[in-house]
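Coordinate inspection notes
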Amino acid sequence: MRIVRICCFSTDIRQKKEVRPIITAEDLYFSYTGAAPYLLDHLALHIPDGDYVSVVGDNGSGKTTLMRLILGFLKPTSGRIVLTAKRIGYVPQRNDFSNAAFPITVFEALDSYRRLIGLKDRSAIDDSLKQVNMAEHKNALMGTLSGGQAQKILLARAIMGRPELMILDEPSTGVDMNSQEEIYAFIKRLNTQSGLTIVSVEHNLDAAISNSTSIFHMTNGHGHMCTPRQFLEEFLNTSRREHDHA
Amino acid sequence: MLSYTFMQNALFVSVFIAILCPCIGIFLVLRRYSMIGDTLSHASLAGITLALMSNQSPVLGAFVFTALSGALIEFLRGYFKRYSDLILSIVLALSVGTAITIISSGRLRTNADAFMFGSILTVTQTDIYLVLALSVFSVGALILLYHQMLYIAYDEEAARVAGVRVKLINYVFSVLVAAAISVSIRIVGVLVLSSMIALPVATALQLEKGFRKTLLYSILFSVIDIMLGLFLSYYLNVAPGGFTALVSVAMLLVVMSAKAIRTRIQIARGKPGRA
Ligand SMILES: Nc1ncnc2c1ncn2[C@@H]1O[C@H](COP(=O)(O)OP(=O)(O)O)[C@@H](O)[C@H]1O
Ligand SMILES: [Mg+2]
């Protein structure tokens, strides 16, 4: 019951602000087999322009799958997703990204990407490297970078085309503490200063609560949007209940 | 030996092979598709036997049949997502079946051995023009699609986010693989073709450079391998394909040893390099 109330409450706020939605998904069903049981089961998602949304949920709850659907790598079994953003930056989940031995330099990874998105301006490479404090690693091999450094390069790549929407999948997994802080500060700055819409899958609940404007909590194939504060209360209630039972 | 026309022809064709094979090979190796080279070279044998039976150019026959097989592999990939090696077995069965049936029927007017083992004696003027045309076409396509192909190999999802038409380019790529194989088959032969595609790249990967440098070193190693293979096989009077394959394995071992020795020296001096 509580969940339903929170859900209505937060949509009310959104309607008052009347911002352009950047991602809209309705009646979304998805399973990898194309049949029941559905991993995403009648899911709805509305993300307004300019928000910083953290997507949280247990392992295997379908967070990465939802991102892949939004990006168009997967087709919904039924339902649809409307994306108004044309330019998207994507930072993939790094433990999925098993290509560490690939012979490619930081410069090559960025320069080829720049050409693919049709960006003529070569200085975009140095600019974005500077923004993530990685300028001096331009000629390094990707495979020799630490987890945090590699993640910063992926961030630099994602911002190169001045995206309207940035999708990140567990940006702090496999990243040392110092880089984690740096990375979250950077993402937060993109959102507050450049107004970039952020959708970030988070297993790091601290980061989700302290950085995002809304939290999309996924359970049993559904999701509900709440404020970080509501999420925290909900979380504390659940753990207290579990504690009482024990 | 260079005064013989056949040797000049062979040398000319070899240079193109040496450039083309690693250009294709680097993408196959990095996408962990090396075995496709093997499957497709067997497909080219089927194409050759079909062409010989109907009095067509064997290089052309190889190209058409191999390109179709490459497209078939790409197509089947959508159906057998989890069992992609199965696809190779299917195409291999189809190709080897065709080739063996035709060869054993005794209806070939020429001997197919030259294509199995590679031979420099049989390179004709028509072959040279075809090799030239296919090579120019392939290298041109590779230059045009360089960044797309690099990203599909490196990070396919990022390529898609950037708007690369992955499926289309994969089809184009299978045509390029077919071209490289049909160009090479005359000299190198079916049996060791996949080593020409993979070994110079494997050698260059030992140097741990970026993509462009790795590609350039693969071409360099490939040229050295095939030239050495060609000359030595001529003096030893053995098939050039087989000997080139041996040379490329030797080259890989030399580079690996040199790297190991260098690391030892650096450790001894107390400043270890990258492992
Ligand atoms: N390509 C796939 N094919 C089949 N099942 C998959 C595939 N990718 C993920 N799954 C399954 O879907 C479920 C959700 O995965 P995922 O979206 O990665 O979850 P999360 O990111 O929330 O941890 C898991 O049970 C996972 O095993
Ligand atoms: Mg995930």
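This text gives an overview of the structure that appears in the document. Not measured: the values here are computed from a predicted model. (Residues numbered from 1 in each chain as written. Chains lettered and ligands numbered in written order. Predicted model: local features only at pLDDT ≥ 70, side-chain atom pairs only at ≥ 80, totals over all residues. Heavy atoms only, no water.)

Ideal coordination angles are 109.5 degrees for a metal with four donors arranged tetrahedrally and 90 or 180 degrees for a metal with six donors arranged octahedrally. All names here are of chain A. For the magnesium ion (ligand 2), every protein donor is listed as T64 (OG1) and Q93 (OE1), and the spread of their distances is 2.0 to 2.4 Å. Placement of the pair is T64 in helix α2 (residues 63–71) and Q93 in the loop between β5 (88–91) and α3 (106–116), with a sequence separation of 29 residues. Q93 shares its class with T64; the two are buried. (Donors = N, O, S within 2.8 Å, 3.2 Å for Na, K, Ca; no water. Helix = DSSP H or I, 4+ residues; strand = E, 2+ residues; numbered from the N terminus. Buried < 20%, exposed > 50% of the residue type's maximum accessible area, 1.4 Å probe, protein only.)

A few words on the site of ligand 1. What surrounds ligand 1 is the set Y32, L39, D58, N59, G60, S61, G62, K63, T64 and T65 of chain A together with R82 of chain B. Residue neighbours of ligand 1 fall on chains A and B, so the site bridges chains. Here an oxygen atom of ligand 1 sits 3.3 Å away from a polar atom, N or O, in the main chain of S61 of chain A. For ligand 1, an oxygen atom lies 3.0 Å from a polar atom in the backbone of G62 of chain A. Alone, ligand 1 offers 560 Å² of accessible surface; in the complex the protein occludes 59% of this. Grouping the amino acids of the shell around ligand 1 by side-chain chemistry returns two nonpolar, six polar and three charged. (Near = heavy atom within 4 Å. Polar contact = N/O pair within 3.5 Å; in protein donor to acceptor, adjacent residues only side chain to side chain. Areas by Shrake-Rupley, 256 points an atom, 1.4 Å probe, with all protein chains shown as cover. Nonpolar A, V, L, I, M, F, W, Y, C, P; charged D, E, K, R; others polar.)

Now for the sheet that holds strand β4 (residues 78–83) of chain A. Backbone-to-backbone hydrogen bonds join strands into a sheet, with any given pair of strands oriented parallel or antiparallel. All names here are of chain A. The sheet built from three strands is open, its strands ordered β2-β1-β4 with antiparallel pairing. Looking along the sheet, the strands with just one partner apiece sit at the ends: β2 (40–48) and β4. Within the sheet, the average angular offset between the axes of one strand and its neighbour, ignoring direction, is 5°. Pairing between strand β1 (residues 21–30) and β4: five bridges, direction antiparallel. (Pairing = 2+ DSSP bridges. Axes fitted to C-alpha atoms, helices over the stretch in contact; angles between N-to-C directions.)

On to the sheet that holds strand β3 (residues 52–57) of chain A. All names here are of chain A. Across the sheet, six strands lie side by side as β5-β6-β7-β3-β8-β9; this open sheet has mixed pairing. The open sheet has two free edges, formed respectively by β5 and β9 (222–226), since each of these has just one partner strand. Adjacent strand axes in the sheet meet at a mean angle of 15°, parallel and antiparallel pairs treated alike. Taken together, the five bridges between strand β6 (residues 165–169) and strand β7 (residues 197–201) define a ladder with parallel strand orientation. The residue bridging M166 from the neighbouring strand is I198, located in β7.

On to the pairing of β7 of chain A, then. All names here are of chain A. Across the five residues of β7, five count as buried, placing the element largely inside the fold. Note that β3 and β7 share four bridges and pair parallel. Bridged to S54 within β7 is S200. Note on the crossover from β6 through helix α6 (residues 177–194) to β7: the handedness is right-handed. (Right-handed = clockwise from strand over helix to strand, strands pointing away.)

Facing the 24 residues of chain B at the interface are 25 residues of chain A. Considering only the side of chain B, the residues that lose the most area to chain A are Y151, Y154 and E157 of chain B, jointly responsible for 32% of the buried surface there. Applying the counting rule to chain B against chain A returns two salt bridges. Linking chain B to chain A there are 10 residue pairs in polar contact (both at pLDDT 80 or more). In terms of residues, the side of chain B that touches chain A owes the most to one element, helix α7 (residues 146–154) of chain B, which gives seven residues. Residues of the side of chain B that touches chain A, tallied by class, amount to 12 nonpolar, four polar and eight charged. (Contact = heavy atoms within 4.5 Å. Buried area = accessible area lost by both parts, 1.4 Å probe. Salt bridge = Lys/Arg side-chain N within 4 Å of Asp/Glu carboxyl O.)

Let us look at the packing of aromatic side chains. To describe a pair of aromatic rings, you give the distance between the ring centres and the angle between the ring planes. The tally for this structure, following the rule as stated, stands at 14 aromatic pairs over all chains. Between the aromatic rings of Y29 of chain A and Y38 of chain A, the centroid separation amounts to 5.3 Å while the plane-to-plane angle is 70°, which identifies the pairing as edge-to-face. Overall, Y29 of chain A belongs to the partly exposed group, its relative accessible area being 22%. With 5.9 Å between their ring centres and 70° between their planes, F73 of chain A and Y90 of chain A make a pair best called edge-to-face. Linking F73 of chain A in the loop between α2 and β4 with Y90 of chain A in strand β5, this pair joins segments that are 17 residues apart in sequence. Here a set of aromatic residues connected by ring pairs shows up, and it is made of F102 and Y113 of chain A together with F27, Y146, Y151, Y154, F173 and F211 of chain B. (Phe/Tyr/Trp six-rings, centres within 6.5 Å; stacked < 30°, edge-to-face > 60°.)

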